[in-house]
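If you want the building blocks of each chain, they are given just below.
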Amino acid sequence: MEKIYNYIDGDVAAPAEDRWLDVFEPATGQAYARAPDSSADDLKKAMSAAQSAFDPWAATSAAERGRVLNRLANLVEERAAEFAQAESVDTGKPLRLAESVDIPRVAANLRFYAGAAEHFASESHAMGQDAINYTLREPLGVVACISPWNLPLYLLSWKIAPALAAGNTVIAKPSELTPMTAYLFSRLLSRANVPPGVLNIVHGRGAGVGQALVDQTEIAAISFTGGTSTGKQIAKSTAGRFKKLSLEMGGKNPTVVFADCDWDRTLDQTLRAAFTNQGEVCLCGSRILVQNEVYERFREDFVARAKQLVVGDPLVNGSDQGALISAAHRDKVLDCIQLAQDEGGEVLCGGTPVNLPGRCAEGWFVAPTVIEGLPAQCRTNQEEIFGPVVTIMPFDDEDEAIALSNQSTYGLAASIWGSDVTRCLRVARRIEAGLVWVNTWMMRDLRTPMGGMKQSGMGREGGFESMRFFTEPKNVCVRYD
Ligand code: NDP
């Protein structure tokens, strides 16, 4: 079985205690690699390397940091096919998705922050003729980047690129479920002339080395993307030490369909919003709200389209949906579907595991599932499922659509579909979410703030927001006379 190693102080390293975790291919249900189950000793080495590397890296010019990130982007692009294949095997996502979204966006993140390193500027505030303030933006030190399994290298790069661009050194902890592409990436670091210790990647369990990383007193900031309960745990663990935190967490995002929407486009895109990556995207629209006049027609067309989605081997061209990340997650999703039925919901399509022949016979597949007939406040409509399961609910008018959208403890994203743009913009303003799309979904401009309100997030990443997060502002006031 292939072995995955940590990357510490410029070199690959086996875990200090020689403990390893099996890494599974979700499409086959079989272990195919082993990854370090790192311990405090590995972390200690990574911390020491990152601390030693900090001063020289912080003193490196922004242009040089940008060059390093651009070299990394080039290396990823040269190996895009290898990375996409590895991401598909590791996560169960369709290869086509990894090729068209995950890996191109890794390169885009690296390139964007290569530019940001040079373009990021701080402010000055003149006080008439008397004085001037200027604000320094200094790197923080050693920062922790903790990322989830659904978009493994994409979300890892989204954190490490701005952290490095701003002059910090990094200890990254990818999800134990999907360590492969972070490992492949670590093998490129020396070729891109990333100095030893500047980026350290430590693999292992969240509750083990992940928690130990959060508990390191010397860590200056933590950028975390993952579930809300883990985010709460991190916030609790760090509260007494006043760590700088950025938490990107779960969602239960509404998709609001008005009767005057562009029908075909709305069907295409709401289907995409529901089932991309098997519904394992924090931004997926899992509560579809449809205006009464078109509810029945939409339900019929949407269900017909969902039934046509091909659940299949992620490596085979033509599979729209691959496998869920783990057997435990597949079981959780099936339990959620059972709960929806217990709550009185009617399963309109899907609702069952999908058994595939051949190499995927033991894989963790679930059919795209649409459920109706549930009230907004039930658990199915309140709790994140993070799988290929959506509910569909009718609404009368704009006010009801907004009320239903906001009846959630989450506030990550929403999409609104309609041709009355003024109305869409009114709704966008009143919806409680960090990201709202009008007549589109998951269209991302890297300059914009990304993150959620309520239990979906704390702080924002993206563009200069990330550069601000990864730097400490210091104001200097100078009097002229
Ligand atoms: P988890 O919260 O389980 O894990 C996220 C990361 O945190 C993993 O690397 C995990 O390691 C690690 N971790 C777990 N426990 C701890 C701990 N106590 N201390 C430090 N680190 C820890 O989330 P998932 O990986 O299951 O990802 C799915 C979730 O992520 C969903 O809720 C989804 O909505 C959310 N998400 C949010 C996004 C956003 O931008 N708002 C984007 C993408 C996903 P390990 O896996 O090894 O346990």
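Procedures and definitions
By convention here, each chain's residues receive numbers from 1 onward along its written sequence. At least 70 in pLDDT is required for a residue's local features to be given in this predicted model, at least 80 for side-chain atom pairs to be given and counted, and no such filter applies to totals for whole chains, interfaces and linings, which use all residues. Side-chain measures here rest on the full set of heavy atoms in the structure, leaving out hydrogens and waters. For this analysis, a salt bridge means a side-chain nitrogen from Lys or Arg found within 4 Å of a carboxyl oxygen belonging to Asp or Glu. Only DSSP runs of H or I reaching four residues or more are called helices, and only runs of E reaching two or more are called strands; each is numbered from the N terminus. Type-normalised accessible area, obtained with a 1.4 Å probe on protein chains alone, sets the label of each residue: buried when under 20%, exposed when over 50%, and partly exposed for intermediate values. At least two bridges found by DSSP between two strands is the condition for calling them paired. Here the axes come from fitting lines to C-alpha atoms, over the contacting stretch only for helices, and the angles between their N-to-C directions go from 0 to 180 degrees. We call a residue near a given molecule or strand whenever any one of its heavy atoms falls within 4 Å of it. Pairing of N or O atoms within 3.5 Å defines a polar contact, subject to two protein rules: one partner must be a possible hydrogen donor and the other a possible acceptor, and residues neighboring in sequence count only if both atoms are side-chain atoms. Only Asp, Glu, Lys and Arg are considered charged, only Ala, Val, Leu, Ile, Met, Phe, Trp, Tyr, Cys and Pro nonpolar, and every remaining residue, Gly among them, polar. As annotated, the domain borders come from an automatic or database domain assignment. Computed with a 1.4 Å rolling probe, the buried area is the accessible surface lost when two parts are put together, summed over both parts. In this text, buried Ala, Val, Leu, Ile, Met, Phe, Trp, Tyr and Cys residues form a nonpolar core when linked through side-chain atoms within 4.5 Å. We call two residues in contact whenever any of their non-hydrogen atoms come within 4.5 Å of each other.

*Asks:* What is the right way to look at the pattern of salt bridges in this model?
*Replies:* It is possible for side chains bearing opposite charge to pair when their charged atoms get close. If you walk through the whole model with that rule in mind, you get 26 salt bridges. Across the pair Glu 25 and Arg 359 runs a salt bridge, and its minimum N-O distance is 3.0 Å. Taken together, the positions of Glu 25 in strand E4 (residues 20-25) and Arg 359 in the loop between strand E15 (346-349) and strand E16 (369-372) put the pair 334 residues apart, joining distant regions of the chain. With relative accessibility at 11%, the residue Glu 25 sits in the buried group.

*Asks:* Is there a simple way to explain the sheet that holds strand E23 (residues 471-479) in this structure?
*Replies:* The strands making up a sheet associate through backbone hydrogen bonding, with each pair oriented either parallel or antiparallel. The antiparallel open sheet is built from three strands, whose spatial order is E6-E7-E23. Each edge of the open sheet carries a strand with a single partner, namely strand E6 (124-127) and E23. Taken pair by pair, the neighbouring strands of this sheet meet at an average axis angle of 20°, ignoring direction. Pairing between strand E7 (residues 131-139) and E23: nine bridges, direction antiparallel. Within E23, the residue paired with Glu 138 across the bridge is Glu 472.

*Asks:* Can you help me understand the site of the ligand in this one?
*Replies:* In the neighbourhood of the ligand, 31 residues make up the surrounding shell, with Glu 176, Thr 230, Met 249, Cys 282 and Glu 384 lying closest. Within the side chain of Lys 173, one N or O atom sits 2.8 Å away from an oxygen atom of the ligand. At 2.6 Å, a backbone N or O of Met 249 approaches a nitrogen atom of the ligand. Put simply, the parts of the chain that give the shell around the ligand at least two residues each are helix H7 (206-215), strand E11 (221-225) and helix H8 (228-239). Among the residues forming the shell around the ligand, the class breakdown is 13 nonpolar, 13 polar and five charged.

*Asks:* Even after reading the chapter, I still don't get the domain arrangement of the protein chain, so can you show me in this structure?
*Replies:* When the parts come together, some accessible area is lost, and that loss is often what is quoted as the size of the interface. For the protein chain, the assigned domains are domain 1 (2-249 + 456-479) and domain 2 (253-445). Between domain 1 and domain 2, the buried area comes to about 2,400 Å², and carbon and sulfur atoms account for 58% of it. Ranking the residues of domain 1 by area buried against domain 2 places Ala 27, Trp 149 and Ser 456 at the top, with a combined share of 22%. At the surface where domain 1 touches domain 2, the tally comes to two salt bridges. Where domain 1 packs against domain 2, one counts eleven residue pairs in polar contact (both at pLDDT 80 or more). Looking at the side of domain 1 that touches domain 2, the elements with two or more residues in it are E4, helix H3 (80-91) and helix H4 (95-119). The element best represented in the side of domain 1 that touches domain 2 is H3, accounting for five residues. A breakdown of the residues in the side of domain 1 that touches domain 2 according to their chemical character gives twelve nonpolar, eleven polar and six charged.

*Asks:* Honestly, the nonpolar core in this entry has me stumped. Any pointers?
*Replies:* It is characteristic of soluble globular proteins that their nonpolar side chains tend to be buried jointly. Of all hydrophobic cores here, the largest spans 102 residues; its most connected members are Phe 185, Leu 283, Phe 302 and Val 370. Ranked by residues supplied to this core, first place goes to H4 with twelve residues. Counting residues domain by domain, this core receives three or more from each of domain 1 (2-249 + 456-479) and domain 2 (253-445). Beyond its immediate chain neighbours, meaning those up to four positions away, Phe 302 contacts Leu 267, Thr 270, Leu 271, Ala 274, Phe 275, Ile 288, Val 370 and Val 390. Counting 20 residues, the second-largest nonpolar core is a separate cluster that includes Ala 50, Ala 144, Ile 171 and Phe 224.

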